[in-house]
Amino acid sequence: VFTKVLGENQAGVFILRYRNKFMSKNVIIEKYNHLLVLETGKTIDLRKSRLIKLVLMNDGILLVKSKYNSSIRSNELYGQKLNFDLKPESAPTFLTSALAREFGDRGNFGMRISDNHKHLSLLYTSKGDDGKFVLHHRLYNAQTFELIHSKDVLLPFLFEDFLIKDF
């Protein structure tokens, strides 16, 4: 089991536990008090999906996961907020989708949270109709998941020639 410290705040210390590096099937979030006594834990079922991002925010925990939709062969991205007691504040919100290039393609979503935790920036790529590289950027309100800005850029090189790992 791998362990990652999500962070510490006035509510306690938050830990992420997972069994494989792909963060699929399920993950466990644990909340400890400041004396490192386990207070609660929550198992997040990731059947047919994978964890993209889990961030300790000022007002809760931001959970973003990608789920494969086999009927349209695409990877769909969903965001959800949990409170500090690890209870969902709302149902998962659909953010965007990207067509899967081949069977088993999990998508190549890259994501960053602004330093003030107000914005969620999402970057992903796809193959254009002419085989060229299309870079997609989406900017969301990190509290409400409302889309603030969207931009798709066609780049003048073949999709197979590049793999963006980070931004």
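Throughout this description, residue numbers start from 1 for each chain and increase along the sequence as written. Where totals are concerned, whole chains, interfaces and linings use all residues; where local detail is concerned, this predicted model gives features only for residues with pLDDT of at least 70, and gives and counts side-chain atom pairs only at 80 or more. Only hydrogens and water are removed before side-chain values are computed, so all heavy atoms of the structure are retained for them.

## A closer look at the nonpolar core
Throughout, nonpolar core names a set of buried Ala, Val, Leu, Ile, Met, Phe, Trp, Tyr and Cys residues whose side chains join them through atoms within 4.5 Å. The buried label goes to any residue with under 20% of its type's maximum accessible area, the exposed label to any with over 50%, and the partly exposed label to all in between, with areas taken from a 1.4 Å probe on protein chains only. Grouped together as the largest cluster of nonpolar side chains are 17 residues, with contacts concentrated most on Leu62, Leu77 and Leu120. Of all the secondary structure elements, the ones that give two or more residues to this core are strand 4 (38-56), strand 5 (61-69), strand 7 (93-99), strand 8 (110-113) and strand 9 (119-127). Numbering of helices and strands runs from the N terminus; a helix is a DSSP stretch of H or I covering at least four residues, while a strand is a stretch of E covering at least two. In terms of residue count, strand 9 provides more of this core than any other element does, three residues in total. Note on definitions: a residue-residue contact is assigned when non-hydrogen atoms from the two residues lie within 4.5 Å. For Leu62, the contacting residues outside a window of four places in its chain are Lys53, Leu54, Val55, Met57, Gln80, Lys81, Ile113, Leu120, Ala142 and Phe145. Within the second largest apolar cluster, 16 residues are counted, among which are Tyr18, Leu51, Leu56 and Leu86.

## A word on the pairing of strand 4
Any two strands are treated as partners once DSSP identifies two or more bridges connecting them. Relative to strand 5, strand 4 runs antiparallel, the two being bridged by seven bridges. Bridge pairing in strand 5 places Val55 opposite Leu62. Between strand 4 and strand 5, which pair antiparallel and follow one another directly, the connecting turn spans four residues.

## A word on the pattern of salt bridges
Salt bridges are identified by distance alone: a Lys or Arg side-chain nitrogen within 4 Å of an Asp or Glu carboxyl oxygen. The final tally for this structure, using the stated rule, is five salt bridges. Two residues, Arg17 and Glu30, come together in a salt bridge whose shortest N-O distance is 2.7 Å. Here the residue Arg17 occupies a position in strand 2 (residues 12-18), and Glu30 occupies one in strand 3 (residues 24-32), the gap between them amounting to 13 residues. Of the charged contacts, one joins Asp59 and Lys81 as a salt bridge, the two residues approaching to 3.0 Å between their closest N and O atoms. Taken together, the residues Asp59 in the loop between strand 4 and strand 5 and Lys81 in strand 6 (residues 74-82) connect sequence positions 22 residues apart. For Asp59, a relative accessible area of 36% translates into the label partly exposed.

## Things to note about the pairing of strand 11 (residues 147-158)
Of the pairings in the sheet, the one linking strand 10 (residues 132-141) to strand 11 comprises nine bridges and is antiparallel in character. Counted as the bridge partner of Lys132 is Leu158 from strand 11. In sequence, strand 10 turns back onto strand 11 through a hairpin of five residues, with Phe145 there showing a positive phi of about 65 degrees.

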